[in-house]
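Reading the structure
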Amino acid sequence: MLSRRILAASAAVLVVTPLAGSTGEVPADGIWGRICSFATGQAGWTDAWSGVPPAPVAKCAAAPTNYHTLSSIGDGKDTHVNFKIGYDPDTDRLCFAATGLPEAPVLRVGVGHTLSIRIANTLHDTDQGAARNFNCPIDSFGGEGLCLPKPVFPEAPGPDGTFYPLEANEAHTADGTSNLHVHGLFVSPQPCSDEVLSTAIYPANWRGKIAPLQPCQAAPNTLTYTYKLPADHPAGVYWYHTHRHGQAEHQTQMGLVGAIVVEDQGDAWRSSIGVSDEVLLVTDTPNTACLVGPNCDVRVHPTSTRRQDNAQAAREAAARAAATAAPVSIAGLGPTLDPRIDQVDQAGECAYGASNSNGGVELWTLLLNGAPVPESQSGFPPDGELLTKTMQPGQRQIFRLVNASANSFVAPKLVLVQNGVQTVQKLEVFARDGVGLADAQGNRHFGYFDVSHTPFIVPPASRVEFVVHAPPVGATLYLQSDQVAPGCGGNAYPARRLLMLTSAGTPVDPGVADDSDLLENTPSLQPYLSTLGATASVHRTFVFSEYGRQFTYGVTKWLKGTPTISDYDPGQTDFFLTEVASDDGEVNPKRTVVTPFNGHNAAPQVIVHLHGQQSVTEEWLVENSTLEIHAFHMHQVHFRDVTVPSTNPDLQPLLDVINLPAAPLVGDIGSGQPGAPGWVKLRMTFTTADIGEFVFHCHILEHEDNGMMGKIQVVAD
Ligand SMILES: [Cu+2]
């Protein structure tokens, strides 16, 4: 579900009216328009307040127009890179720019080695002198925000009868601070390593408050991360991305992402027999063409009634309703209602049919290695419009597909078209989320997934690595993404054709028929797996939920005064990830109020006690009480998906992000009957290496930014 997005509008024709009741100073001369001058696409930028040009912003390279292989840095040993966070006003893109290096390169580091990344933030505040510390291009990206002060929703927690007390999220603005998360790496959560809560890399001309700098922070805008990979770290593809709470979605969609390949001697072996890898970085961007009108996407259900694809329209509709109707009644919501089930979705977004799982409007289009993936309103685009890559006849490659999108699910499928016959190939999977497929003893093998009927879902932030054989000369191999059913409350993820592969040139040795030669000299995963064999000693239950402000307003009685339409945005949705039960004996005050994560929630939701041991294993039941899918991600550790009881490791994969099925729509629309949540069960082991504080969250970044996150602390005692 979209939380808030205003139709992309031309800032030039926008009539800007400061909102009453908003936070922050609003200059008397309607200065918001001037602050937003950067977003109108004008080249260059002058400090509107002082007239002094700030130090230059690093410039991003031009975006590719066709598929291209990403450049790599590092030789599989220690790797050090020097990044500047840059911006391109012409394309509204952010980037990790590196002097003398390709932009956002693939970082290759060896197991047992060290990766260090120095980042200098060259972005600027765009409201110099106002001391609001605001970055208009980030805030207004995709037409969202439009650099207006954010409406606030004044409320305070309190008891509310049969419902869990709900808190609304804080309004947040994009200030241009940034930081980095190395997704999936088993490294320390301490500052200067993989720490995302207290680490801020400030814009170059920041004039606001500065938190205590980290030891590795040479200046407010410059910080060096050092990640030490353990010797038993699995080899595979990981990725790095910005993780500043409240602006992670925009900064990610604007481009602050890249791939990390962790290598072991298996990589050197495959290279020695002429088999290379290919990193495919999928990102997404707002589909502005599809935000408007009923012809947006014919794959969307024709009677779909989305509540939230236009916050301004929702605000206007609510204003009209407020003028003619009584406040929202809660009489129909009886005490049997499970407040965690998203009734608003049932009544609104899912009103067009219980069987529909296509979701709503297609909000996001995809890019592959930076190049836009073409789409068509009917079927796939013709071959001539697709992104293309040529392989040598007989060539094999390991495709390392990274779903680096903020909000999109993809589902890779290889379809061979030869002599007019179409064949869906089994997906020959080498690794998932960076961890090779292996038996219980850690011996590596391929997994063969029949994707002809069942999509292989790769949620946002997840990775899958698979073997691709060049098609016969004259044939065509398509890498497609299947449609992913998002639940009736979700956004549409239609099928797309990502890449067209053909063969030409000098034939190469095709290797052995079963590809077992690709796994020679590949180390056993036993040292790593040995830490995951323990029985869980602690069990916890978590719930994903989400509520529109309209609902929150309707069911809570503890608002501070009567909200007006200007400080209450009914189109806004808050997202929640709440621990509701555990057998750890901790008294958790956060269990009594359903609170969105706001970046300032100081107390952790979960405390894991090692009790002086090297490790402790827990089992988490994660429930989804909403009518759309989510993507559960845990920092620092992988978990085993034990949803399906099995002794076959391939049915209980090790992952760092997992698709969380939606709650099925049950009963009559608006009946108030509770639905059964979707759920997964996960087993994970925390070790002394994880001591510190880190987070778990929905990796649909729009949801994460709006509260679907929790803090976990691992302590030694
Ligand atoms: Cu989510």
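Some words on the overall build of the protein
If you tally the helices and strands in the protein, you get nine helices and 33 strands. When each of the 717 residues of the protein is scored for burial, the buried share is 58%. Summarising the internal contacts of the protein: among those between residues at least 6 apart in sequence, 80% fall at separations of at least 24. Total accessible area computed for the protein in this model is approximately 26100 Å², and 55% of it derives from carbon and sulfur atoms.

Some details on the environment of His 183
Relative to the helices and strands, His 183 resides in strand 6 (residues 181-183). Sequence separation between His 183 and Tyr 238 is 55 residues; the distance between their C-alpha atoms is 6.0 Å. Setting aside its immediate chain neighbours within four residues, His 183 contacts Tyr 238, Trp 239, His 241, Ala 461, Arg 463, His 633, Asp 656, Val 657 and His 699.

Describing the side chain of Asp 284
Following the sequence through the fold, Asp 284 ends up in strand 10 (residues 276-286). The side chain of Asp 284 is buried and forms no salt bridge, while Arg 496, the nearest opposite charge, is found at 7.5 Å. Reaching out from Asp 284, the side chain makes a polar contact with the side chain of Gln 253 at a distance of 2.9 Å. At 2.8 Å, the side chain of Asp 284 forms a polar contact with the side chain of Ser 408. Apart from the residues within four sequence positions on either side, Asp 284 is in contact with Gln 253, Trp 364, Thr 365, Leu 366, Leu 367, Ser 405, Ala 406, Asn 407 and Ser 408.

Structural notes on the sheet that holds strand 8 (residues 236-241)
Spatial ordering of the open sheet is given by 1-4-9-8-6, a layout of five strands whose pairing is mixed. Looking along the sheet, the strands with just one partner apiece sit at the ends: strand 1 (72-73) and strand 6.

Concerning the coordination of the copper ion
At the metal site, the copper ion is ligated by His 630 (ND1), Cys 698 (SG) and His 703 (ND1), and these contacts range over 2.0 to 2.1 Å. Read in sequence order, the donor residues coordinating the copper ion give the pattern H-x67-C-x4-H. You can call Cys 698 buried: its relative accessible area is 0%.

Points about the sheet that holds strand 3 (residues 93-97)
Strands sit in the order 3-2-5-7 across an open sheet of four strands; the sheet is mixed. On the outer flanks of this sheet lie strand 3 and strand 7 (222-228), each paired with one strand and no other. Taken pair by pair, the neighbouring strands of this sheet meet at an average axis angle of 20°, ignoring direction. Two elements, strand 2 (residues 79-88) and strand 3, share five bridges in a ladder whose sense is antiparallel. Following the sheet pairing, Ile 85 is matched in strand 3 by Phe 96.

Description of the state of the cysteines
A full pass over the atoms with the stated rule returns two disulfides. Note that Cys 192 is cross-linked by a disulfide to Cys 216, the S-S spacing being 2.1 Å. Residues Cys 192 and Cys 216 are joined by a disulfide whose S-S torsion is about -95°; by sign, that bridge is left-handed. Here Cys 192 is found in the loop between strand 6 and strand 7, whereas its partner Cys 216 is found in the loop between strand 6 and strand 7, with 24 residues between them in sequence. This pair shows no difference in class: Cys 192 is buried, exactly as Cys 216 is.

A short note on unusual backbone geometry
We note that Cys 192 has phi near 75°; this positive angle belongs to a residue other than glycine. Exposure remark for Cys 192: the relative accessible area of 15% places this residue in the buried category. Of note in the backbone geometry, Ala 461 takes a positive phi value of approximately 85° without being a glycine. Note that Ala 461 resides in the loop between strand 19 (447-449) and strand 20 (463-469). In this structure Ala 461 comes out as buried when scored by relative accessible area, which is 0%.

Section: the pattern of salt bridges
Opposite charge on two side chains makes pairing possible when the charged atoms of those side chains draw close. Summed over all chains, the structure comprises 20 salt bridges. Where Glu 278 meets Lys 389, a salt bridge forms, and the shortest distance between an N and an O atom there is 3.5 Å. Of this pair, Glu 278 sits in strand 10 while Lys 389 sits in strand 13 (residues 388-391), and the two are 111 residues apart along the sequence. Judged by relative accessible area, which is 11%, Lys 389 ranks as buried. Residues Arg 540 and Asp 584 are paired through a salt bridge, measuring 3.0 Å at the closest nitrogen-oxygen approach. Of this pair, Arg 540 sits in strand 23 (residues 538-548) while Asp 584 sits in the loop between strand 24 (573-582) and strand 25 (606-609), and the two are 44 residues apart along the sequence. By relative accessible area, Arg 540 is classed as buried at 2%. A single salt-bridge network, built from bridges that share partners, covers Arg 108, Glu 263, Asp 267, Arg 270, Asp 277, Arg 400 and Glu 465.

Brief notes about the nonpolar core
With 50 residues, the main nonpolar core has Trp 620, Phe 632, Met 634, Phe 686, Phe 696 and Ile 712 as its most contacted residues. Considering each element in turn, this core owes the most residues, four residues, to strand 31 (residues 678-687). Excluding anything up to four places from it in sequence, Phe 696 contacts Phe 542, Leu 577, Val 606, Trp 620, Phe 632, His 633, Met 634, Met 709, Gly 710, Lys 711 and Ile 712. In this structure, Ile 73, Val 81, Ala 104 and Leu 532 belong to the second largest nonpolar core, which totals 43 residues.

Calculation rules
- Residues numbered from 1 in each chain as written.
- Predicted model: local features only at pLDDT ≥ 70, side-chain atom pairs only at ≥ 80, totals over all residues.
- Heavy atoms only, no water.
- Helix = DSSP H or I, 4+ residues; strand = E, 2+ residues; numbered from the N terminus.
- Buried < 20%, exposed > 50% of the residue type's maximum accessible area, 1.4 Å probe, protein only.
- Contact = heavy atoms within 4.5 Å.
- Areas by Shrake-Rupley, 256 points an atom, 1.4 Å probe, with all protein chains shown as cover.
- Lys, Arg positive; Asp, Glu negative; His and termini not counted.
- Salt bridge = Lys/Arg side-chain N within 4 Å of Asp/Glu carboxyl O.
- Polar contact = N/O pair within 3.5 Å; in protein donor to acceptor, adjacent residues only side chain to side chain.
- Pairing = 2+ DSSP bridges.
- Donors = N, O, S within 2.8 Å, 3.2 Å for Na, K, Ca; no water.
- Axes fitted to C-alpha atoms, helices over the stretch in contact; angles between N-to-C directions.
- Disulfide = S-S within 2.5 Å.
- Core = buried A, V, L, I, M, F, W, Y, C linked by side-chain atoms within 4.5 Å.

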